[in-house]
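Chain by chain, the residues run as shown.
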Amino acid sequence: MLAGAAFVAASCSRGGGGEQGAAPAGSAGRAPAASAGGGARSGADAAARRQLAAVKELAVRKLAPGAAIAIDGRLDEPVWQAAARTGPFVNVSTGREDRSLPTQGEARLLWDDAFLYVAFDVSDRTITGGFPEDARDPHLWERDTVEVMIDPDGDGDNKDYYEIQINPQNLVFDSQFDDYNAPRGGPSGPFGHQEWSAGLTSAVALRGTIDDDSDEDRGYVVEAKIPWSSFAKAKAAPPSPGDAWRMNFYAMQNNGGTAWSPILGDGNFHRARRFGRVRFVGAGGKVGGAPAGDAGAAPVPAPSAKPPGATGAAGERPGAAAPSAPAGPTPGYRVDPPDR
């Protein structure tokens, strides 16, 4: 969908540096080195690199008792407007925004005692699906998809983590891994324990026409709830206020994409030590009895009508295009390293 060497370098080849393959040391796309000559410029560059390399953190508030979310792709409930937001995804290799990339996005999070709620707002000018409607664990990263990586222990050691992808057709790829990219059945998979199911409910709303490049699309919204009971490898699920899990969020196209927390050349999309920290706080914004910081950005306008094509069950194909008004702010662009 995007021609040229720049996108090739940022895409996720299976041979190394992709989502399932380790990136070679010194691979292209790392944060820039310090400028020669030292002095104030060098010090400023070093400080900027440290800031980019810092693992991101996000405080996610619990839904208040009685609050409910309809999984319909709309994101129009007041709780979504006040939810924790990642902000615009960044270039996975550099940690900086990059508006030249074909996919941009951001994610929002909420939780309660039964579910983790995740929503993505993706900007994409050519929405692509192309998989059979009944496909089971299709290789969604080869076209357009969103992805969440979840390491429940929060230690970033890559032991017992989960991968979930949902594409514009509302198809799902989900798997559980014992270690970094392992087990792996070869270049074509299986990838991890693909028999694992997240048991999620999801909906997709399109801002454009899927698999039709004759028009210019504007992107899509993915909304999902994932039961805590699916995370059998977690030490405690649901989490308690104050607990922190490691997660990362991606908006992908053609095995490349953008991310919440950049990988910075340290392996591929599965590198858990580069995942951000998601800290769960109570409905009142408290962590362990103490007030927490603001768990989300200021509210923004939401779509006023349900987008046609939103579906409520994983694996269903959405229908017509959604209205033009997106949920949430216009996200910024960024890139990533090879996915698999």
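Overview of the structure. Bear in mind that the values here come from a model prediction, so they are computed numbers and not experimental data.

## A look at the overall build of the protein
Moving on, step 1. Along the backbone of the protein there are 3 helices and 15 strands.
Moving on, step 2. Counting over 340 residues, the protein shows a buried share of 55%.
Moving on, step 3. Here the contacts in the protein between residues at least 6 apart in sequence split such that 74% fall between residues at least 24 apart.
Moving on, step 4. Total accessible area computed for the protein in this model is approximately 12,900 Å², and 53% of it derives from carbon and sulfur atoms.

## Quick notes on the packing of aromatic side chains
Moving on, step 1. Counted according to the given criterion, the structure contains 18 aromatic pairs.
Moving on, step 2. Arranged with centres 5.6 Å apart and planes meeting at 80°, the rings of Trp228 and Phe280 form a pair that is edge-to-face. Of this pair, Trp228 sits in the loop between β10 (219-227) and β11 (244-253) while Phe280 sits in strand β13 (residues 276-281), and the two are 52 residues apart along the sequence.
Moving on, step 3. Residues Tyr250 and Phe269 carry aromatic rings whose centres are separated by 4.4 Å and whose planes lie at 5° to one another, so their mutual orientation is stacked. Of this pair, Tyr250 sits in strand β11 while Phe269 sits in the loop between β12 (256-259) and β13, and the two are 19 residues apart along the sequence.
Moving on, step 4. Ring pairs connect the aromatic residues Trp111, Tyr162, Trp196, Trp228, Phe231, Trp245 and Phe280, which therefore count as one cluster.
Moving on, step 5. Stacked on the ring of Phe131, the Lys or Arg Arg143 has its end atom at 4.3 Å from the ring centre.
Moving on, step 6. For Arg271, the ring lying beneath its charged end belongs to Tyr180, and the centroid distance is 3.9 Å.

## A look at the environment of Pro65
Moving on, step 1. Along the chain, Pro65 falls in the loop between β1 (57-61) and α3 (78-81).
Moving on, step 2. Taking C-alpha positions, Pro65 is 8.7 Å from Asp112, a pair spaced 47 residues apart along the chain.

## Here we look at the nonpolar core
Moving on, step 1. Leu116, Phe120, Ile166, Phe231, Met247 and Phe249 are the most contacted members of the largest nonpolar core, which totals 39 residues.
Moving on, step 2. Each residue touching Ile166, except ones within four places of it in the same chain, is listed here: Leu140, Thr145, Val146, Leu171, Val172, Leu200, Ser202, Val204, Val222 and Ala224.
Moving on, step 3. In terms of nonpolar packing, the next biggest core, distinct from the first, is built from 17 residues, Phe131, Leu171, Tyr250 and Met252 among them.

## A word on the sheet that holds β10
Moving on, step 1. Taken together, 5 strands build an open sheet; the order of strands is β2-β4-β5-β10-β9 and the sheet is antiparallel. Strands at the two margins of the open sheet, each flanked by one partner only, are β2 (84-85) and β9 (201-207).
Moving on, step 2. Pairing geometry for β2 and strand β4 (residues 103-111), over 2 bridges, is antiparallel. Along β4, the bridge assignment pairs Ala84 with Leu109.

## Focus on the pattern of salt bridges
Moving on, step 1. If you walk through the whole model with that rule in mind, you get 10 salt bridges.
Moving on, step 2. Across the pair Arg85 and Glu106 runs a salt bridge whose closest N-O atoms are separated by 2.6 Å. Taken as a pair, Arg85 in strand β2 and Glu106 in strand β4 lie far apart in primary sequence, 21 residues in all. Residue Arg85 shares its accessibility class with Glu106, and that shared class is buried.
Moving on, step 3. The partner of Glu106 in a salt bridge is Arg108, and the shortest N-O contact between them spans 3.9 Å.
Moving on, step 4. Residue classification places Arg108 among the buried residues on the basis of a relative accessible area of 2%.
Moving on, step 5. Overlapping salt bridges bring together Arg85, Glu106 and Arg108 as one network.

Conventions adopted
- Residues numbered from 1 in each chain as written.
- Predicted model: local features only at pLDDT ≥ 70, side-chain atom pairs only at ≥ 80, totals over all residues.
- Heavy atoms only, no water.
- Helix = DSSP H or I, 4+ residues; strand = E, 2+ residues; numbered from the N terminus.
- Buried < 20%, exposed > 50% of the residue type's maximum accessible area, 1.4 Å probe, protein only.
- Contact = heavy atoms within 4.5 Å.
- Areas by Shrake-Rupley, 256 points an atom, 1.4 Å probe, with all protein chains shown as cover.
- Phe/Tyr/Trp six-rings, centres within 6.5 Å; stacked < 30°, edge-to-face > 60°.
- Lys NZ or Arg CZ within 6 Å of the ring centre and 35° of its normal.
- Core = buried A, V, L, I, M, F, W, Y, C linked by side-chain atoms within 4.5 Å.
- Pairing = 2+ DSSP bridges.
- Salt bridge = Lys/Arg side-chain N within 4 Å of Asp/Glu carboxyl O.

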